[in-house]
Amino acid sequence: MPTLPSGTVTFWFTDVEGSTRLLERHPEAFRNAIGQHHAILRDAIEQNGGAVFETLGDGVYAAFASPRDAVGAALRAQHNLHEASWGEVGPLKVRIGLHTGEAELQGDHYFGPALYRCGRLMNAGHGGQVLLSSTTAELVRETLPAATDLRDLGEHRLKDLQRPERVFQLIVPGLPLDFPALRTLESFPNNLPVQTTPLIGRAREVVTARGLLYQPETRLLTLTGPGGVGKTRLGVQIAADVLREFPDGAFFVDLVPVASADRVIPTIAKALSVQEATNRPILDSLKDYLRDRRVLLVLDNFEHVLAAAAQVADLLSTCARLKAIVTSREALRLRGEHQFPVPPLSLPDRSRVESANQLVRYEAIRLFIERAQAAKPEFAVSDRNAYAIAEVCHRLDGLPLAIELAAARVNVLSPQALLARLEHRLTVLISGPRDLPARQQTLREAIAWSYDLLTPDEQMSFRRLAVFVGGSTLTAAEAVVDEGEPGRNLGVVDAMASLVDKSLLRREDGDGEPRFRMLETIREYALERLTDAEEAHRVRGAHANYYLAFAVRAEDGLVGGAQAEWLDRLKEDHDNLRAALSWFARHGPTDAGLRLATALQRFWRARGYVAEGRERLAELLARSDRTRSPARAKALHVAGLFTSQHGDYVEARVLIAESLDICREIGDTLGIGWALVDLGIVTRYEGDQVRARTLFEEGLGLMRQARDTLGMAAALGNLGLVARDQGDAETAETHLNQSLGLWREVGDRVGIGWVLTGLAMVARARGKFDVANRRTEESLAIWRELGDRQNTANTLSTAARLARDQGEYAVARERLAESLETFKDLGDRRGIAFVLEGFASLAAVEAQPLRAQCLAAAATTLRRIIGAGPPPAWRADLESTLEEASRGLTRDAIEEANTRGRSMTLFEAVAFALDETSPPRA
């Protein structure tokens, strides 16, 4: 793309007149014509030194360093469009707007009022017309091409702009000169309020809503959404954009001051200057006035006068050419009503790391920047503050009002400081512009307006639902909201349905049961009301107990055929489970917290939350009274397993040993069995296969004594892995197949996948690569379906070794890279060491011995840090591969590569492994 100019820029905006109708009549031909249209415009822009920075539908937006070049591009474009053949769609008539002004360039996006003025200028024109602002006209007047001229069209108030603009038309030789009057606010009767700031984003919503209003069957369009989402601003903009469709005018009716529903019709009549007669109902007079007129009404803030909806319906049914846009926090529920939920502004995905240049693509970020620059002209977004800006916008749910209030604070707070204060956002976001309605000058007042309109039972449900973090199912909501109200039917389902209607609660449909969620800004207000009502402690306790019971059910569900479903359910409610864990940690009983944490162990391991699980268990164990209970014993050995997965084997051994002691004290045979198996796993990781085998055999005996199928399957599987590490493939296969049979018996797919991976490595050792490949793919399919990242990464490492052995080096590298990225995300240092060794082995067979030595040394250093060597068979395989590849290298070259590998940080080693172009090479 050509370099975009910065500083003072001449903007060039276009669109095709009547494009919607042309698309409906000639869909295929119009799409082809638009392709030709784009080519003509791009040619004109590029031939005159401009650069296209965005296309939206049939609109093309370009920037020029010189206003004269922009005029030259407009001349060339209109001539070529006029001369082109357009087939059955007929000539495409394109309007062009030119305006010059200061603009900030961030990546490939511009910011500043100059863009919006150019867009509004273009919208005022007609197809084939080129319009210039007074600024651009003055700059080019003395340098216009021969035979061209400017026609002064006078001052006009453009849509959504505060001050009028003097508009000039470019007179193009050989092209039409005369056009209808400009489509400005003065062209049609209206009282639409002047907007002092441009509308940021919302292009998609404006286009969609405008299309709905153009449909003959749409008489009532209701924009719904929570307070602060921008319904009024959007409604006014839509009305301004469709003015030409209503020759008798568009009229804005503010219903906020209207105290009762019976005053709605008189207020509408007053806006239209319809006089109230003493001997006749005002509704009849209003009907007579509107009966034959093509008028658009914008009825703003209808939620508190819903009783007047029937009169609005009567008005619409009587006046066939009347249409209405209504903004309300809930629908009017009239026949023929088209409800249009207004969403928050678009936000970046929190799971992706994006630069400042990438973040400005999102509407919420752009609004923050625009409003921040209005408060502090020198404000700029950079990679230093981009994360904070994005997170502020996320914390504010993409609500325009909240973002505007927050951005105004940059005159005293940096985005980073603002973010730090947003834990209590309702106390930070105050003192909005004085010309806003009182209910919108603070975010709290905007939400309070809706809360005050609720019935007492709706208010109770609303504030109690605030204890849910990240939403809830209807079942969970009923259980928690009704808690502590014996014999009283709160009607939770009806209350929730009403809260959804009133935009205070959002219904989110997915594959399973619908979920209901509050925006976080609304939830904070509800939590304040919960505290004021002195219900917080009781309701939060009920919430924690519900999710403890839920987790215990899930623990059983994670063994058997419904594992994937339960993992997904736990993921959906992970934030609620975290809240419950925090409650038990602070308020007790800690045994309940320990039971909840251990019930989540399989979920945490499968979905990559081992680090979090380890931290949660450490906190709960530290806060507990050290009672030698079964809950504490189980928590200790789960904490030990999690600790071992991060390579901290000394600490892991201490934790599991204490668990074993407790189980022996209280006579928990099954617990002793599991503790022995877990201790054996840590011992195997440490490289002591003989001791590990003894521990697994002891554990297996106790599991058989307790007749625990899962325990026997786990012990046998681990015995198989020890035999494999010791080079006894036959014994390994026997134990693993016995384990596989038991896992299949209980339908545990996690166990099945784990054993299949072990069997794959045994088949590899026997040279049965077809069997090994098949087992690996079966295992991978299970992990991917379950969303188990830990085991996916482990099995990808196995698959990479198989691919390497079969000479498929590109496949091996791809699978190692995916495995390494996953282990890195999970913080699994033991897994990272395995994959670094896998990369070393691959480099060796690809005749890159120095690279191989460097990677192996980095892995050895990491293993020394975590205190765990590789299994003997694995180590022997790597050493022989390195020795063979390094023949012919000098001792000094090998030592230099080893020194470099040993000196690498963990992040450097990972980056080196993933970048196959990095030296050293032989």
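Here we summarise the structure given alongside this text. (Residues numbered from 1 in each chain as written. Predicted model: local features only at pLDDT ≥ 70, side-chain atom pairs only at ≥ 80, totals over all residues. Heavy atoms only, no water.)

**A few points about the overall build of the protein chain**
Check the secondary structure of the protein chain and you find 42 helices and 16 strands. Overall size of the protein chain, expressed as C-alpha extent along the three principal axes, is 100 × 80 × 55 Å. When burial is assessed residue by residue, the protein chain has 56% of its 922 residues classed as buried. In the protein chain, of all internal contacts separated by at least 6 residues, the share reaching a separation of at least 24 is 71%. For the protein chain, the exposed surface amounts to about 38400 Å²; the carbon and sulfur share of it is 49%. Side-chain charges in the protein chain split into 111 positive and 124 negative, and the spacing between the mean points of these groups amounts to 1 Å. (Helix = DSSP H or I, 4+ residues; strand = E, 2+ residues; numbered from the N terminus. Buried < 20%, exposed > 50% of the residue type's maximum accessible area, 1.4 Å probe, protein only. Contact = heavy atoms within 4.5 Å. Areas by Shrake-Rupley, 256 points an atom, 1.4 Å probe, with all protein chains shown as cover. Lys, Arg positive; Asp, Glu negative; His and termini not counted. Charge placed at Lys NZ, Arg CZ, Asp CG, Glu CD.)

**Details of the packing of aromatic side chains**
Scanning the model with the defined rule gives 18 aromatic pairs in all. An angle of 50 degrees between the planes, with centres 5.9 Å apart, marks the rings of F550 and W566 as tilted. In this pair, F550 sits in helix α22 (residues 536-557) while W566 sits in helix α23 (residues 563-572), placing the two residues 16 residues apart along the sequence. Taking relative accessible area as the criterion, W566 reaches 12% and is therefore assigned buried. Grouped by ring-pair contacts, the aromatic residues F11, F13, F53, Y61 and Y110 constitute a single cluster. Here the guanidinium or amino end of R294 rests over the ring plane of F246, the centre of that ring lying 5.5 Å away. Note that R830 overlies the ring of Y685, its terminal NZ or CZ placed 3.8 Å from the centroid. (Phe/Tyr/Trp six-rings, centres within 6.5 Å; stacked < 30°, edge-to-face > 60°. Lys NZ or Arg CZ within 6 Å of the ring centre and 35° of its normal.)

**Quick notes on the packing of helix α35 (residues 769-786) against helix α36 (residues 789-805)**
Where α35 meets α36, the axes come as close as 9 Å, and the angle between the chain directions of the two elements is 155 degrees. Considered as vectors, α35 and α36 are oriented roughly antiparallel to each other. The crossing of α35 and α36 is left-handed. When α35 is examined against α36, the residues F769, A772, N773, T776, S779, L780, W783 and R784 are found in contact with a partner set consisting of N791, T792, T795, L796, T798, A799, L802 and D805. For the contact of α35 with α36, the class distribution of residues is seven nonpolar, seven polar and two charged. (Axes fitted to C-alpha atoms, helices over the stretch in contact; angles between N-to-C directions. Parallel < 35°, antiparallel > 145°, perpendicular 65-115°, else oblique. Left-handed = near helix turned anticlockwise from the far one by under 90°. Nonpolar A, V, L, I, M, F, W, Y, C, P; charged D, E, K, R; others polar.)

**Section: the environment of R829**
Looking at where R829 falls in the secondary structure, it is placed in helix α38 (residues 829-845). Residues R829 and S644 lie 185 residues apart in sequence; the distance between their C-alpha atoms is 9.8 Å. Those residues in contact with R829 that lie beyond four places of it in its chain are Q645, H646, G647, D648, L862, I865, I866 and L906. Within polar-contact distance, the side chain of R829 engages the side chain of D648 at 2.6 Å. (Polar contact = N/O pair within 3.5 Å; in protein donor to acceptor, adjacent residues only side chain to side chain.)

**As for helix α18 (residues 456-465)**
A large share of α18 lies buried, amounting to eight of its ten residues. Taken as a whole, α18 has its buried residues at E458, Q459, M460, S461, F462, R463, R464 and L465. Here the buried face of α18 lies against α17 (443-451), α19 (474-481), α20 (492-501), α21 (520-532) and α22.

**Some remarks on the side chain of R804**
In this structure, R804 sits in helix α36. Under the relative-accessibility criterion, R804 is labelled buried at 10%. Not counting chain neighbours up to four residues away, the residues in contact with R804 comprise R764, Y809, A812, S841, L842, V845 and D877.

**Regarding the packing of helix α33 (residues 729-746) against helix α34 (residues 749-765)**
Taken N-terminus to C-terminus, the directions of α33 and α34 make an angle of 160 degrees; their axes are 9 Å apart at the nearest point. Looking at the two axes, α33 sits roughly antiparallel to α34. Where α33 crosses over α34, the handedness of that crossing is left-handed. Where α33 approaches α34, its residues A729, A732, E733, L736, N737, S739, L740, W743 and R744 are matched on the opposing element by G751, I752, W754, V755, L756, G758, L759 and V762. Within the contact of α33 with α34, the residues separate by chemical class into eleven nonpolar, four polar and two charged.

**Comments concerning helix α3 (residues 67-83)**
Each α-helix winds once per 3.6 residues, and so residues spaced three or four apart point in a common direction. Here α3 contains 17 residues, and its C-alpha end-to-end distance of 25 Å stays within 8% of the 24 Å for a straight helix at 1.5 Å per residue. Here α3 has its buried residues at P67, A70, V71, G72, A73, A74, L75, A77, Q78 and L81. Two to three positions downstream of the cap, the backbone nitrogen of R68 sits 3.2 Å from a side-chain oxygen, assigning the N-cap of α3 to S66. (Expected span 1.5 Å × (residues − 1).)

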